[in-house]
Amino acid sequence: MRVQWVDDPRRIDADSWNALLATQATPTPFIRHAYLAALHDSGSAVPGTGWAPRFLLLWDGAELAAACPLYVKAHSYGEYVFDWAWANAYAEHGLRYYPKALVAVPFTPVPGSRLLARDAATRAALVRALVDWCEAQGLSSLHVLYGDAADHAACEAAGLMQRQQVQFHWKNRHPAEARPFTSFDDFLASLSQDKRKKIRQERRKVAEAGVRFHWARGADIAPADWAFFYRCYERTYLEHGNAPYLTPAFFDAMARDMADAWVLFIAEREGAPIASSLIAVGADSAGAGGAMGADFRGFRRSYKDGAAPGRVGAAEAANEQHEAPATGAGTPPPAPPALAAAPAAPIAYGRYWGALERVDCLHFEACYYQPIDWCIRHGVARFEGGAQGEHKMARALMPVPTASHHWLAHPAFADAVGRFLAREAEGIDGYMEHLENRSPFRR
């Protein structure tokens, strides 16, 4: 099998990459060739920002048998699996932690297929090639972030150390009746009285402030809408003292090359836009809308059962715009053809938001209630709310375990990190049980 390293995703044949992606268990829009190429072409994830691409491809003759996005990192920003303490420990001992190798989608903590391969054996070969290359390059470590169950199996078989985290996902499934929700009111009726009352109060505040929303998908997102969205997105980052990770050119590429993957919500008051949120939509190959979380739970429980981590070697068709009041009232529009004809259940991914004016509870409306309402109306199976934030549970985004895998070249540091991860896993397991006991649904 021929090994190829590529330092520019534009040098990879898009059809071969996307064909391999289509065969994976949990593809997402964020691993499409167009998405990764846009990160590079826009200057968002390039060596100058600390993301040097070294994509790995395994060829079996003319067939792309396995591939993954690999970046050599000069820092740990934009990853959402935090290893700053590890880097500090290296520095305290006079050792270099950077550069390190990262198999991930930059700035995108969305679980899904990372190690693309035609079968388990080829995926195992991909992991071996990754570790061998890191050793040959003298890199401190390899990190595989937010992979799916097949990725986790390959990494664990190779001895990489597992690290657990928690995300919060909303499922379009009535907890007592095992059916999709029929409306936002139907969803509210499934919640406990206090949570139902709180959400109604929050939505009422936004509506009484005179805010109304409209949404657009795909080609119906006008250039002016994209431009307004970026103003909001950039404003949010700057208010927190940071420049945004993604450039305007990245979103220009999304509008041009991947418009079908995006749904934009715009909040207006007195006819003027004041805020926006952007979600992505993709298909769940498993068709279950929740198989990924179940698989991750199995990995999480393995720690509770006493499994110890090891190490290797020595050491988210266009639609017409739809206007809805913030209360979620109105007649649901017909499902768009693109979603109705989809062979697998659609999945939505909350990604970005921003506001030019402050309105009480506007963030909750734009980032949770409007997307959830949209998901119910369009038969979306799951809405992933992104990394961290247990406040999302009050909006019925429930905890889902996720995992990453890590290889450290230095034997003593690998052993120390392994012990730390074992202790951390026990804490995550207890945290998950604590969260599960705080379910917002009616009992």
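Residues numbered from 1 in each chain as written. Predicted model: local features only at pLDDT ≥ 70, side-chain atom pairs only at ≥ 80, totals over all residues. Heavy atoms only, no water.

What about the pairing of strand S16 (residues 398-408)?
Note the threshold: Burial here depends on accessible area, computed with a 1.4 Å probe over protein chains only, as a share of the maximum for the residue type. Under 20% is buried, over 50% is exposed, and the range in between is partly exposed. For helices the rule is a DSSP run of H or I covering at least 4 residues; for strands it is a run of E covering at least 2, with both sets numbered from the N terminus onward. Any two strands between which DSSP finds at least two bridges are classified as paired.
Of all 11 residues in S16, 10 are buried, a share of seventy percent or more. The pairing of strand S9 (residues 161-171) with S16 spans nine bridges and is classified as antiparallel. When the bridges of S16 are listed, Gln162 appears paired with His405.

A closer look at the sheet that holds strand S4 (residues 63-68)
So the rule is basically this: The contact rule is simple, with two residues in contact once any of their heavy atoms fall within 4.5 Å. For every element, the axis is a line fit to its C-alpha atoms; helices are fit only across the contacting stretch, and the angle between N-to-C directions ranges from 0 to 180 degrees.
One open sheet holds the four strands; their spatial order is S1-S3-S4-S7, and the pairing between them is antiparallel. Either end of the sheet is taken by a strand with one partner, and the two such strands are strand S1 (2-6) and strand S7 (116-117). Strand direction decides the pairing type here: S4 and S7, joined by two bridges, are antiparallel. Looking at S7, one finds that Ala67 is bridged to Leu116. Here helix H1 (residues 14-22) sits on the sheet and contacts strand S3 (55-60), S4 and S7; the angle it forms with S4, its principal contact strand, is near 75 degrees.

Points about the confidence of the model for the protein chain
Any segment with low pLDDT has predicted coordinates that should not be analysed in fine detail. To keep things clear, this is the line we draw: pLDDT expresses, on a scale from 0 to 100, how confident the predictor is about each individual residue.
In this model, the protein chain carries an average pLDDT of 88, and 86% of its residues clear a pLDDT of 70 or more. Contacts for the low-pLDDT stretch residues 285-342, under 50 throughout, to residues beyond four places or in other chains number 149 contacts.

Details of the nonpolar core
For clarity, the threshold we go by: Residue types Ala, Val, Leu, Ile, Met, Phe, Trp, Tyr and Cys, when buried and joined through side-chain atoms within 4.5 Å, form a set referred to as a nonpolar core.
By size, the foremost hydrophobic cluster in this structure holds 54 residues, and its most contacted members are Trp17, Tyr35, Leu39, Phe251, Trp262 and Tyr352. Here the element with the most residues in this core is helix H8 (residues 223-239); it accounts for six residues. Those residues in contact with Tyr35, other than ones at most four positions away along the chain, are Pro29, Phe30, Val105, Thr108, Phe250, Met254, Met258, Trp262 and Tyr352. Residues Phe184, Ala366, Tyr369 and Ile428 belong to the second largest nonpolar core, which totals 43 residues.

As for the environment of Ala345
Position of Ala345 relative to the elements: it lies in strand S14 (residues 345-355). Linking Ala345 and Ala381, residues 36 residues apart in sequence, is a C-alpha distance of 5.9 Å.

Overview of the packing of aromatic side chains
This is how it is decided: For this analysis, a ring pair means two rings from Phe, Tyr or Trp (six-membered ring only for Trp) whose centres lie within 6.5 Å, classed as stacked if their planes differ by under 30 degrees, edge-to-face if by over 60, and tilted for the remaining angles. A ring is considered to have a charge above it if a Lys NZ or an Arg CZ atom is located within 6 Å of its centre and within 35 degrees of its normal.
Tallied over the full model, the rule gives 34 aromatic pairs. Residues Tyr77 and Trp84 carry aromatic rings whose centres are separated by 4.8 Å and whose planes lie at 65 degrees to one another, so their mutual orientation is edge-to-face. For Trp84, a relative accessible area of 32% translates into the label partly exposed. Their ring planes at 85 degrees and their centres at 6.4 Å tell us that Trp226 and Phe229 sit as a pair that is edge-to-face. Of the two residues, Trp226 and Phe229 are both situated in helix H8; the distance of three residues between them amounts to about one turn of the helix. Judged by its relative accessible area of 7%, Trp226 falls in the buried class. Positioned above the aromatic ring of Phe184 is the side chain of Arg203, whose terminal nitrogen or guanidinium carbon lies 4.3 Å from the ring centre.

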